Amino acid sequence: MEEYKKLTLKPDCPADVWVYLACTLFFLGLYREAEDAASKAPTCALQNRLLFHLAHKFNDEKKLMGFHQNLEDVTEDQLSLASIHYMRSHYQEAIDIYKRILLQNRDFLPLNVYVALCYYKLDYYDVSQEVLAVYLQSIPESTIALNLKACNHFRLYNGKAAEAELKNLIDISSCSFEFAKELIRHNLVVFRGGEGALQVLPPLIDVISEARLNLVIYYLRQDDVQEAYNLIKDLEPTTPQEYILKGVVNAALGQDIGSRDHLKIAQQFFQLVGGSASECDTIPGRQCMASCFFLLRQFEDVLIYLNSVKSYFYNDDTFNFNYAQAKSALCNYKEAEEVFQLIQSEKIKSDYVYLSWLSRCYIMNQKGHLAWEMYLKMGTSSDSFSLLQLIANDCYKMGQFYYAAKAFDALEKLDPGSNYWEGKRGACVGIFQLILAGREPKETLKEVLPLLRSTGNPQVEYIIRILRKWAKDNRVPL
């Protein structure tokens, strides 16, 4: 850059120097200076390509389309167009261009890496691996290719498999450039599930674009939603991943603090991604539409999108949690119960949303005893009190009066000043009705009397008298 600047000061400076200076300024990230230098260069194909990329950097759609029209069907211009397609998340369009050039120029091996990157972005990790192998056969020590191979393994298998692949890159990085070391440190944090995130990622936020996003994900996994929001709130999203993450953070914060504004922002971000031409048929795109409709409480639409990607998430606890909630909201309690029981995550299984929905499924599926057992395993808390209320009311509604009576009795003891007596009285009478109808064992009557006696209401003795008389007449020991 300094040499080019010196040349521009000479009176006999060739005009082409301005476009070369503009290119160096562009690669240094000095975009405004690059545009100024390019404007002094003669009109040529290189100047047009540079201005094309600058228009993308400045988000100037009108200029972008103008320079696009000036591109010709030559390799340099087509490669420039493919890179813009890639940066605008038009991965299939970029693949089409790279493949066409590769057919004409088999020795352009690095294009295989670009094609593999596009397939990675489209979630075709196995195809990405196949294309990448062609390049690695010739250039086995490529930093970018080895890193991409490790990332594919992370997506296809797990963090350990990815780390094993990354070892090849670690072995050669000592003689490679500094960027490789930062890349390795960043990716190891991701592959190890966030281990060391707070030490490694903050210094890399302005070096590796994904570092900020992965730090946000780390904070979300630690339930530190406010920190995640602080880190991403000023980020202007340009990629689907950034839109999705901003949507997730706003949804989490909105639910945490009860903010409809944040939930609306989240819904709009999800709809923007899921409705876009480039993402509508991808797995993340369909998940976004499901999330959008989830926030709008349109659960039939939620299931349309979740069903379309279900086969990819059979053992995914988060997916199953959302899928089961949507099923429950549409009263598909039998299927919802089955999906809830697939969940292994202890964190989700201790969440009140999980406990309350599964309890409701049990009760609606005539398994009130399982809901009651779930309550008994909980410690005393506001959540256990809420679950008790749910069990009492849902069991009463479903005619499972025995567990409704036990729940109302427990509620009455926890909150004596309330009117839970009326619910308990109705449930106890309901048990008696079931006994008379032959749908409840007569022996259950013996357990009803202590429940009634625990209340100091004057109606208790009258009810007990009727129950005792019936028991005596029917030779039921109490």
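These remarks concern the structure in this document. (Residues numbered from 1 in each chain as written. Predicted model: local features only at pLDDT ≥ 70, side-chain atom pairs only at ≥ 80, totals over all residues. Heavy atoms only, no water.)

Right, let's get into helix α23 (residues 352-364). Between its terminal C-alpha atoms α23 stretches 18 Å, which fits the 18 Å expected from 13 residues at 1.5 Å a residue. Those residues of α23 lying buried are Tyr-354, Leu-355, Ser-356, Leu-358, Ser-359, Cys-361, Tyr-362, Ile-363 and Met-364. Packing partners of the buried residues in α23 comprise α20 (317-329), α21 (333-340), α22 (346-349), α24 (368-376) and α25 (382-397). Backbone nitrogen of Val-353 and a side-chain oxygen of the N-cap are separated by 2.8 Å at the start of α23; the cap is Asp-351. (Helix = DSSP H or I, 4+ residues; strand = E, 2+ residues; numbered from the N terminus. Expected span 1.5 Å × (residues − 1). Buried < 20%, exposed > 50% of the residue type's maximum accessible area, 1.4 Å probe, protein only. Contact = heavy atoms within 4.5 Å. Polar contact = N/O pair within 3.5 Å; in protein donor to acceptor, adjacent residues only side chain to side chain.)

In this fold, Leu-411 is placed in helix α26 (residues 401-414). Classification of Leu-411 by relative accessible area gives buried; the value is 0%. Linking Leu-411 and Glu-335, residues 76 residues apart in sequence, is a C-alpha distance of 30 Å. Excluding anything up to four places from it in sequence, Leu-411 contacts Phe-385, Leu-388, Gln-389, Ala-392 and Tyr-420.

Once that is clear, we can look at the packing of aromatic side chains. Between two aromatic rings, the relevant description is the distance of the centres plus the angle of the planes. On inspection of all chains with the given rule, the structure shows 22 aromatic pairs. For the pair Phe-319 and Tyr-323, a centre-to-centre distance of 5.6 Å together with 20 degrees between the ring planes defines the contact as stacked. Of this pair, Phe-319 and Tyr-323 both sit in helix α20, separated by four residues, roughly a single helical turn. The exposure class assigned to Phe-319 is buried, which follows from its relative accessible area of 6%. These aromatic residues form a ring-pair network of at least three members: Tyr-396, Phe-401, Phe-408 and Tyr-420. Stacked on the ring of Phe-58, the Lys or Arg Arg-32 has its end atom at 3.7 Å from the ring centre. The ring of Trp-357 has Arg-360 sitting right over it, with the charged end atom 5.9 Å from the ring centre. (Phe/Tyr/Trp six-rings, centres within 6.5 Å; stacked < 30°, edge-to-face > 60°. Lys NZ or Arg CZ within 6 Å of the ring centre and 35° of its normal.)

This paragraph deals with helix α29 (residues 459-473). Taking 1.5 Å of rise per residue, 15 residues should cover 21 Å, and α29 covers 22 Å from first to last C-alpha, within 8% of that figure. Of all the positions in α29, only Val-460, Ile-463, Ile-464, Leu-467, Trp-470 and Ala-471 are classed as buried. The buried residues of α29 all sit within an arc of 125 degrees when viewed along its axis, so they share a single face. Exposed positions of α29 whose direction lies more than 90 degrees from the buried face are Tyr-462, Arg-465, Lys-469, Lys-472 and Asp-473. Contact partners of the buried residues in α29: α27 (420-436) and α28 (445-453). (Arc of directions from axis to C-beta.)

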